[in-house]
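# An overview of the molecular structure
Listed here are the chains, written in short residue letters.
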Amino acid sequence: MDIDTTVDLLLGIKQARNLREDVVPKYLEGRYTRMSAAENLAEYAENNTLVQASLIKALTSDDEEDVRKVALESLSQLTSDISTIACIIGLFDSDSGVRYDALEGLRWKNLELAKFFSAKLVNDEDDAVKNYAQAVLDLDISD
């Protein structure tokens, strides 16, 4: 799949094509295709605004938490501020796994911001997010 087709897939312009039925059940085709698209675009995202936009769209609006997690992971590899912004967006995801990954990514990018948001996440409904937020708060910012 080329970059344009992959971007179109994440932006919702094109639908997932049929995969071999013996490999992926039909009801999972879209999810796995979009996850692969988000993962494959990571290597092109650093200097490509369209790729970044498609990953941000997947992070903010895909129905599947697995797709949002992969999009977050791809964006968090960037060296630009978009990476930090993606982590902040992920902190407000409905899925606790995405929130956890977002906080972990933010912790490595900007500890001060991670502490700021951790203060809000110590009351998260998910124990793993709550515990990680507390651990971030316990870190010494001067390290």
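All of the points below concern the structure found in this document. Predicted model only: the values in this text are computed from it and were never measured.

Reading the values: rules and limits
Residues numbered from 1 in each chain as written. Predicted model: local features only at pLDDT ≥ 70, side-chain atom pairs only at ≥ 80, totals over all residues. Heavy atoms only, no water. Core = buried A, V, L, I, M, F, W, Y, C linked by side-chain atoms within 4.5 Å. Buried < 20%, exposed > 50% of the residue type's maximum accessible area, 1.4 Å probe, protein only. Helix = DSSP H or I, 4+ residues; strand = E, 2+ residues; numbered from the N terminus. Contact = heavy atoms within 4.5 Å. Salt bridge = Lys/Arg side-chain N within 4 Å of Asp/Glu carboxyl O. Axes fitted to C-alpha atoms, helices over the stretch in contact; angles between N-to-C directions. Parallel < 35°, antiparallel > 145°, perpendicular 65-115°, else oblique. Nonpolar A, V, L, I, M, F, W, Y, C, P; charged D, E, K, R; others polar.

Another point: the nonpolar core. If you look at the biggest cluster of nonpolar residues, it comprises 32 residues, and the most contacted ones within it are Leu-10, Leu-55, Leu-59, Leu-72, Leu-91 and Leu-103. For this core, the secondary-structure elements that each account for two or more residues are helix H1 (3-11), helix H2 (29-41), helix H3 (49-61), helix H4 (65-76), helix H5 (81-90), helix H6 (96-109), helix H7 (111-121) and helix H8 (127-138). For this core, the leading source of residues is H4, giving 5 residues. Residues contacting Leu-10, with those up to four places away along its chain left out, are Arg-34, Ala-37, Ala-38, Leu-41, Ser-54, Leu-55, Lys-57 and Ala-58.

Let's shift gears to the pattern of salt bridges. What the rule picks out here adds up to 7 salt bridges. A salt bridge links Arg-31 to Asp-66, with the shortest nitrogen-to-oxygen separation between them at 3.7 Å. With Arg-31 in helix H2 and Asp-66 in helix H4, this pair connects stretches of sequence that are 35 residues apart. The salt bridge involving Asp-124 is made with Arg-99; its shortest N-O contact spans 2.9 Å. Highlighted residues: Asp-124 in the loop between H7 and H8 and Arg-99 in helix H6, separated in sequence by 25 residues. Salt bridges here are not isolated pairs; linked through shared partners, they connect Arg-31, Glu-64 and Asp-66.

Let us now look at H1. Among all positions of H1, only Thr-6, Val-7, Asp-8, Leu-9 and Leu-10 are buried. Buried residues along H1 sit in contact with H2 and H3. Just downstream of H1, Gly-12 is the residue with a positive phi angle, here 85°.

Let us look at the environment of Tyr-44. Turning to its location among the elements, Tyr-44 is positioned in the loop between H2 and H3. Between the C-alpha atom of Tyr-44 and that of Ile-3, which follows or precedes it by 41 residues, the distance is 8.3 Å. In contact with Tyr-44, not counting residues within four places along its chain, are Ile-3 and Val-51.

In this section: the packing of H3 against H5. The N-to-C vectors of H3 and H5 enclose an angle of 10°; their axes lie 10 Å apart at closest approach. Judged on the interaxial angle alone, H5 and H3 are roughly parallel. Packed against H3, whose contacting residues are Gln-52, Ile-56, Leu-59 and Thr-60, the element H5 presents Ile-82, Ala-86 and Ile-89 at the interface. Its residues assigned to classes, the contact of H3 with H5 comprises 5 nonpolar, 2 polar and no charged.

Function cannot be inferred from these measures alone, as they are strictly geometric.
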